[in-house]
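# Geometric and topological summary
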Amino acid sequence: MTTAEESMLRANAIGTPLTRLDGTEKVTGTAPYAVEHPVDSPAHLHPLQAAIALGRATGIDTSAAEAEPGVLAVLTHANAPRLASTGNGELEILQSGEVGYRGQFLGGVIAETPEIARRAADLIRVHYERYEHDVELRADRDDLYKPEQVNPAFDTDTAQGDADGALASAAVTLDATYSTPMEHNNPMEPHATIACWTDGELTLHDSTQGVYWTQAAVAPLFELDQQQVRVISPHVGGGFGSKGIPHPNVVLAAMAARLVPGRPVKFPLTRQQMFSVVGYRTPTIQHVRLGADEQGRLSAITLDVVEQTAKVKEFAEQTAIPTRTMYAAPHRRTSHRLAALDTPVPTWMRAPGECPGMFGPEVAMDEMALACGLDPIEFRVRNEPETDPESGLPFSSRNLVACLREGARRFGWHDRDPRPGTRRHGEWLVGTGVAASTYPVFAMPGSQATIRATPDGRYAVRIGAVDIGTGTWTALTQIAADALEVSVGEVDLEIGSTTLPTASGAGGSSGINSWGSPIVAAARTLRARLDEHGGTVPAEGVEATEGMPDNPHTSQYAMHSFGAQFAEVWVNADTGEVSVPRLLGIFAAGRIINARTGRSQLLGGMTMGLSMALHEESVLDPRFGHVVNHDLAEYHIATNADVGSLEVDWLDEHDPYVNPMGSKGIGELGITGTAAAITNAAYHATGIRVRELPLHPDKFLR
Amino acid sequence: MDTRIELRVDGEQRSLTVDTRTTLLDALRERLGVTTPKKGCDHGQCGSCTVLLDGRRATTCLALAVAHAGSEITTAAGLADGEELHPVARAFLEHDGLQCGYCTPGQICSAVGMLDEAEAGWPSSVTEHGEGGAALDESELDDEEIRERMSGNLCRCGAYANIVTAIREAANGSGR
Amino acid sequence: MDFLRPTSWRDALEAKAHHPDATPIAGGTDVMVEINFDHRRPTSLLDLTGIDELASWSEHGGKLRIGAGLPYTRLIDELGDRLPGLAIAARTVGSPQIRNRGTLGGNLASASPAGDGHPPLLASGAEVEVESVRGTRLLPVEEFFTGVKRHALASDELISAVHIAPATGAQQFSKIGTRNAMVIAVCTFAIALHPERQRVGTGLGSAAPTPLRAIEAEEFLSGELADSGQWDSPRPLDDSVVRQFGDLVARAASPIDDVRSTADYRTHALGVMARRTLGWVWDEYRNHPSSTGRPECA
């Protein structure tokens, strides 16, 4: 049996800053995204959406729409295909006139042009019976419930020792509540699909984070075998979780296409429609309690989270998960409680769980450090666990302290005056802050890779992976080249289709881990077969297919990435305006496959974290159940002018246990902790502790 | 109501029929199959649909096709000189000023238009007012100016830091 | 939807007279949003971009006449030295792409209480020239705005130009938003010194259903400056004067809570912006009583 060290891939192409292999197509705009695939005589779908938050459509008058020239069909629950019952209340649309949330699809118009479809959809008259809706999340609701587990399969609650007792006897305690708002993923490419039925089979050109995930969700709804649904998605304009599992737009497109068999139906969502049908990050309310002794050693940590789900389908964000791993304390407790509301279904948004869950607790650590009279870095170091606090497993690698130390050195932390509100630059109050980052190492089962060597010296690597901007095209080519011990120029990678071997999707920062491992396994098998042929490729070529090898270490080690983020924040003393001139992130995430695209992943995460800290908040109107600021003029994401100096680096971290590449996944790590570092710096600048995101100017006026 | 119009797109004369309600963006994407400008918001807020319209950067989602009959449009694809990438596009590639790539053609057109504006001395809202008003001295196109001038193009992947580097390098490379 | 594209101003007025429900469109940056979002379904559009004279400006009788179709970027570039307050505001309108096409006339027609260009027009005492086949009217800009997104145009009238005197003293504009660029204002404030008539002009945005002047604040400050002979021999302003001015500006506002901010914050911020911009223009006036440049400030 080979040891972990021996099975690790020797890096040659891995680690180099190879430029994106799909870069030329992207800078010229010629890489085809979902609805940009050329198709013959497409029809166009415009949806009909519920104008009430709860109730029933008692009558839908489609006559005027049907009479419009150029209209091919009008889809409602009256003529929609019957779907198999799969227990997914989000996807099983148009099976009745019931309305579970405002904006839910009630039908659509299929027409010769997008303009006609839109105009005709507007002519449809819907009569409703309204029921009283309930869309407000509050921590004091009496109907909060405990989900069976939280996303994807974590325990809802955990407890060790006697947290309440330890808090009662602690020398220093903190009891504070933090909140994060509803946020929308808003990838730049709106969700988009071309659906076409031919001979009872369905082809979807879809903007998705997982071609096989979409296939797996759609096929049973239409009672098809998996292979009767073909999903194609070579380029995806971002997803950030919202294109992970398919949303009702894919089902509506497939239903509409059923009414015009043989014709491809195009259905790109508008930005405004995205605010009601493709998911969002739940608002969270995080009650944190910490207890410590005089030396600043934590004796107790509790985190009780309240958040929302939808009545039509449960999604339970795992917000308390990072607290189970971050710091040592003998007495600890975490819990999640949900309010089920008449809202759209929340979903994954970049680092679900870890992103909101590293806000409250990391601000609390800053508050507690001050209460203990310790520097926030020293306080974290003092509470560094030797093993994973809850499972007791050793860490496969954990370099949080090294990240904090290296970051402190690079940022110039050493001479920081801890007193808040004492530095001024003109009318601006200046402060600095720090917070930790973490994200688990996930690997999803089930992926397969096929590699075929041909006598012309080429290696065709095929796997149904996707590239949502993460650099999959490039990184998997580098992994394949090293596993095959050839140059990247000899590798032809194919991804982005269910015609390729099965693969998990891009989610949980697991892509490279889950797709790279079977590629390495297939390459090793292929090389063994080539050896059998004396090292030459026979005329018919040589092929090998391997799946995801079992990793025995996953049950022996706790596997996580870590990082430290530093922020300099200026807050205007008169207006409360907040500006972030400087951010630094130092990470330890195993081996970085591509230094160029990997850096971009971490920069991107921190940029979205800055956006979360300063700007993002979906405002739900409780009277109507819709998001008021449902466009990019009012739902602010950071612009170029909001990002100042932004630096990223990583430690060389060697981890032979995670997978043969030694990679941990970096798509989400960067967004965790950013908002806390900025909030902590804003406190240092002003002396005002804001515990609710975003950091809008009015919160800094006394 | 349908109208026949002519457009010059990336150096090619194109003739098409549009509904009077059709935006220039939809005309390009749906009628001409020119999908380089992207659709992201219908609102002029994301900048993904930016092209050079008669030489100036403009968001095509806020332009009616019929109102621009006869105009000259350059997309990111048309900036390339045959196989040779435009220097700004090359800098985006080199400095990884992109991730998912969806906002990228708009960013690049915007950057090219922006460099022209800066060369003409047009001030931005961060340009200091000197005697007799504000004008940009070419040497003053620093990172703060680039960030402000590129703020009409959103990037959700968060490539801004690399976009600024790419544009700075491209500007320097062209002798600025 | 009909599409009318006159090539002369006369034809445009005739078209508007025949199609009073036609929606005029210039840069499209407001109208197209309404069309794309189905907020408006005009039966016909009146495209004014084919009328060259509308996108030009001229000067006579000591006043500038800015064509309603002049894009912001040209206004900034060509008139920024003579209309510094308006130019500073114009540089914050939308995004660079929007400024390349958006026009003062178009934003006036939208009459948004948050329009960035409106406060400097108020502070400078600008007039809006509106025209129909029946004739021409000149409206003081504060009479032009009649409510949230409502204006004083008759159904057959078009905005032809804005008349505004070149700056004779320092002018400033301040905007607060919740991000650094491309932001609809939480609130805005414009100030203009008019030493030749010993008056101070103001304009407030996102502070009430319409852009408005803080008349009491103007009266107070103009009076203070005149009484103390400061126009002729300017001295640093007393803190109490600056504070009172800020309070009066804040008091002129009747803001609301919305997704961008709260009424309380807006009231507070208007006071801050009033004090801040007054500081800037007064410093400048003291240093260069006749120049119109902007001091170096953050």
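Residues numbered from 1 in each chain as written. Chains lettered and ligands numbered in written order. Predicted model: local features only at pLDDT ≥ 70, side-chain atom pairs only at ≥ 80, totals over all residues.

## Comments concerning the overall build of chain C
Keep this limit in mind: For helices the rule is a DSSP run of H or I covering at least 4 residues; for strands it is a run of E covering at least 2, with both sets numbered from the N terminus onward. In this setup the radius of gyration rests on C-alpha atoms only. A globule is expected at 2.2 Å times the number of residues raised to 0.38. The burial criterion counts other C-beta atoms lying within 10 Å of a residue's C-beta, which is placed from the backbone; the residue is buried at 20 or more, exposed at 12 or fewer, and partly exposed between these limits. By the convention adopted here, residues make contact when the C-beta atoms placed from their backbones lie within 7 Å.
When you go through chain C residue by residue, the secondary structure sums to 11 helices and 13 strands. Compactness check: chain C gives a C-alpha radius of gyration of 19 Å against a globular reference of 19 Å for 298 residues, within 12% of the reference. Dimensions along the principal axes, computed over C-alpha positions, put chain C at roughly 60 × 45 × 30 Å. Out of the 298 residues belonging to chain C, those deemed buried represent 56%. Within chain C, residue pairs in contact and separated by at least 24 positions form 66% of the contacts whose partners lie at least 6 positions apart.

## Things to note about the overall build of chain A
The number of helices and strands found in chain A is 16 helices and 28 strands. The globule rule puts the C-alpha radius of gyration for 702 residues at 27 Å, and the 26 Å found for chain A is close to it. By its C-alpha atoms, chain A is 75 × 75 × 50 Å across when sized along the principal axes. Burial statistics for chain A: of 702 residues in total, 61% are counted as buried. Nonlocal contacts in chain A, meaning residues at least 24 apart in sequence, comprise 83% of its contacts between residues at least 6 apart.

## Brief notes about the UniProt feature "domain: FAD-binding PCMH-type" (unreviewed entry) in chain C
We apply this condition: UniProt positions are given in the numbering used here, feature names are shortened, and annotations may be inferred rather than shown by experiment.
In the numbering used here, UniProt assigns the "domain: FAD-binding PCMH-type" (unreviewed entry) feature to residues 1-169 of chain C. Secondary structure content for residues 1-169 of chain C is 32% helix and 25% strand, and the end C-alpha separation is 48 Å.

## Digging into the sheet that holds strand β5 (residues 72-74) of chain B
Residue and element names in this part refer to chain B. To keep things clear, this is the line we draw: Strand pairing is defined by DSSP finding a minimum of two bridges between the two strands. Fitted lines through C-alpha atoms serve as axes, helices being fitted only where they are in contact, and the angles separating the N-to-C directions of these axes extend from 0 to 180 degrees.
Read across the sheet, five strands follow the order β2-β1-β5-β3-β4 without closing on themselves; strand pairing throughout is mixed. A strand with exactly one partner marks an edge of an open sheet, and here the two such strands are β2 (12-19) and β4 (56-59). Mean inter-strand twist for the sheet, computed between neighbouring axes without regard to direction, equals 40°. Note that strand β3 (residues 50-53) and β5 share two bridges and pair antiparallel. Residue pairing in the sheet places L52 in a bridge with T74 of β5. Those strands touched by helix α4 (residues 104-119) are β3 and β4, and its axis lies near 40° from that of β3.

## What to know about the sheet that holds strand β21 (residues 459-462) of chain A
Residue and element names in this part refer to chain A. Strand order in the open sheet formed by four strands is β22-β21-β20-β23, and the pairing between neighbours is mixed. Two strands close off the open sheet at either side, each with one partner strand: β22 (491-494) and β23 (542-547). Sheet twist, expressed as the average angle between the axes of neighbouring strands with direction ignored, equals 15°. Pairing of strand β20 (residues 448-453) with β23, which is carried by six bridges, proceeds in the antiparallel orientation. Its bridge partner being in β23, Q448 is matched across the sheet by G547. Across the sheet, helix α13 (residues 472-484) is in contact with β21 and β22; its angle to β22 comes to roughly 135°. Helix α14 (residues 511-532) contacts β20, β21 and β23 of the sheet and is inclined by roughly 145° relative to β23.

## Observations regarding the interface of chain B and chain A
Applicable threshold: Asp, Glu, Lys and Arg are counted as charged, while Ala, Val, Leu, Ile, Met, Phe, Trp, Tyr, Cys and Pro are counted as nonpolar; the rest, among them Gly, fall into the polar class.
Taken together, the contacts link 51 residues of chain B with 47 residues of chain A. For the side of chain B that touches chain A, the leading source of residues is helix α6 (residues 160-173) of chain B, giving five residues. Residue classes in the side of chain B that touches chain A are distributed as 24 nonpolar, 15 polar and 12 charged.

## Focus on the confidence of the model for chain C
All names here are of chain C. Spelled out, the test is: pLDDT gives the predictor's per-residue confidence on a scale running from 0 to 100.
Predicted confidence across chain C gives a mean pLDDT of 94, with 97% of residues reaching 70 or more. Contacts from residues 292-298, a stretch scored under 50 in pLDDT, to residues over four places away or in other chains number 18 contacts. The complex model carries a pTM of 0.97, and its ipTM stands at 0.97.

## Digging into the interface of chain A and chain C
Counting from both sides, the interface comprises 20 residues of chain A and, opposite them, 16 residues of chain C. Considered class by class, the residues forming the side of chain A that touches chain C number seven nonpolar, seven polar and six charged.

## What about α6 of chain B?
Applied cut-off: Between the first and last residue of a helix there are one fewer steps than residues, each counted as 1.5 Å, and that sum is the expected span.
Counted at 1.5 Å a residue, the expected span for α6 of chain B with its 14 residues is 20 Å, and the 20 Å between its end C-alpha atoms agrees. Where α6 of chain B is buried, its residues contact α15 (595-614) and β28 (645-650) of chain A together with α3 (87-94), α4 and α5 (143-149) of chain B.

## Topic: the domain arrangement of chain C
Residue and element names in this part refer to chain C. Note the threshold: Domain ranges listed in this record stem from an automatic or a database domain assignment.
Annotation of chain C at the domain level lists domain 1 (2-110 + 126-164) and domain 2 (171-287). A C-alpha centroid distance of 26 Å is found between domain 1 and domain 2. Facing 11 residues of domain 1, the contacting portion of domain 2 comprises 12 residues. Element by element, the count of residues in the side of domain 1 that touches domain 2 is highest for helix α4 (residues 84-90), at four residues. When the residues that make up the side of domain 1 that touches domain 2 are grouped by side-chain class, the tally is five nonpolar, five polar and one charged.

## Section: the nonpolar core
All names here are of chain A. Defined as follows: Joined through C-beta atoms within 7 Å, a set of buried Ala, Val, Leu, Ile, Met, Phe, Trp, Tyr and Cys residues constitutes a nonpolar core.
Of all hydrophobic cores here, the largest spans 365 residues; its most connected members are A256, A480 and I519. Once residues within four sequence positions are removed from consideration, A480 is found in contact with Y459, V461, V491, L493, I519 and A523. By size, the runner-up hydrophobic cluster in this structure holds six residues, among which are V441, Y557, A558 and V658.

## Notes on the UniProt feature "domain: Aldehyde oxidase/xanthine dehydrogenase a/b hammerhead" (unreviewed entry) in chain A
UniProt's feature table lists "domain: Aldehyde oxidase/xanthine dehydrogenase a/b hammerhead" (unreviewed entry) at residues 28-132 of chain A, given in the numbering used throughout. The span residues 28-132 of chain A is 13% helical and 33% strand by assignment, and the distance between its end C-alpha atoms comes to 51 Å.

## A word on the packing of helix α6 (residues 211-221) of chain A against helix α7 (residues 248-259) of chain A
Residue and element names in this part refer to chain A. Condition: For classification purposes, an angle smaller than 35 degrees is called roughly parallel, one larger than 145 roughly antiparallel, one from 65 to 115 roughly perpendicular, and anything else oblique. Here a crossing is taken to be left-handed if its near helix is turned anticlockwise relative to the far helix by less than a right angle, and right-handed if that turn runs clockwise.
Two elements in contact, α6 and α7, have axes separated by 11 Å at closest approach and are oriented at 50°. Of the possible angle classes, the one that applies to α6 and α7 is oblique. As α6 runs across α7, the sense of the crossing is right-handed. Between α6, through T214, V218 and L221, and α7, the contact on the second element is made entirely by V250, V251 and A254. Its residues assigned to classes, the contact of α6 with α7 comprises five nonpolar, one polar and no charged.

## As for the environment of E490 of chain A
All names here are of chain A. Structurally, E490 is set in the loop between α13 and β22. Look at E490 and you get partly exposed, because 15 C-beta atoms sit within 10 Å. A C-alpha to C-alpha distance of 9.7 Å links E490 and D456, two positions 34 residues apart in sequence. Setting aside residues up to four positions removed in sequence, E490 forms contacts with G457, R458 and Y459.

## Some points on unusual backbone geometry
Of note, the amide linkage connecting N151 of chain A to P152 of chain A takes the cis form, showing an omega dihedral of -10°. Examined against the element boundaries, P152 of chain A turns out to sit in the loop between β7 (149-150) and β8 (154-155). Along the chain, L693 of chain A connects to P694 of chain A via a cis peptide bond; the corresponding omega equals -5°. Relative to the helices and strands, P694 of chain A resides in the segment after α16 (674-686). Although it is not a glycine, D38 of chain C adopts a positive phi angle of roughly 60°. Note that D38 of chain C resides in the loop between α2 (31-36) and β3 (44-47). With 12 C-beta atoms counted inside 10 Å, the residue D38 of chain C sits in the exposed group.

## As for the environment of R179 of chain C
By the secondary structure assignment, R179 of chain C is in the loop between β11 (171-176) and β12 (187-194). Along the primary structure R179 of chain C and P236 of chain C are separated by 57 residues, whereas in three dimensions their C-alpha atoms are 33 Å apart. Excluding residues within four positions of it along the chain, R179 of chain C makes contact with H615, H636, A638, T639 and D642 of chain A.

## Quick notes on the packing of helix α10 (residues 360-371) of chain A against α16 of chain A
Residue and element names in this part refer to chain A. Interhelical geometry of α10 versus α16 gives an angle of 35° and a closest axis separation of 8 Å. The element α10 and its partner α16 pack so that their crossing is right-handed. Residues E362, V363 and D366 of α10 form the contact with α16, whose participating residues are A676, T679 and N680. A per-class count over the contact of α10 with α16 returns two nonpolar, two polar and two charged.

## What about the pairing of strand β5 (residues 63-67) of chain C?
All names here are of chain C. In this structure, strand β4 (residues 57-60) lies alongside β5, joined through four bridges in antiparallel fashion. Bridge assignment links W57 to a residue of β5, and that residue is I66. If you look at the hairpin formed by β4 and β5, you'll find two residues sitting between the two strands, and G61 has a positive phi there, around 60°. Pairing of β5 with strand β10 (residues 158-164) involves four bridges; the strand directions are antiparallel. Considered in β10, the bridge of L64 is made with I164.

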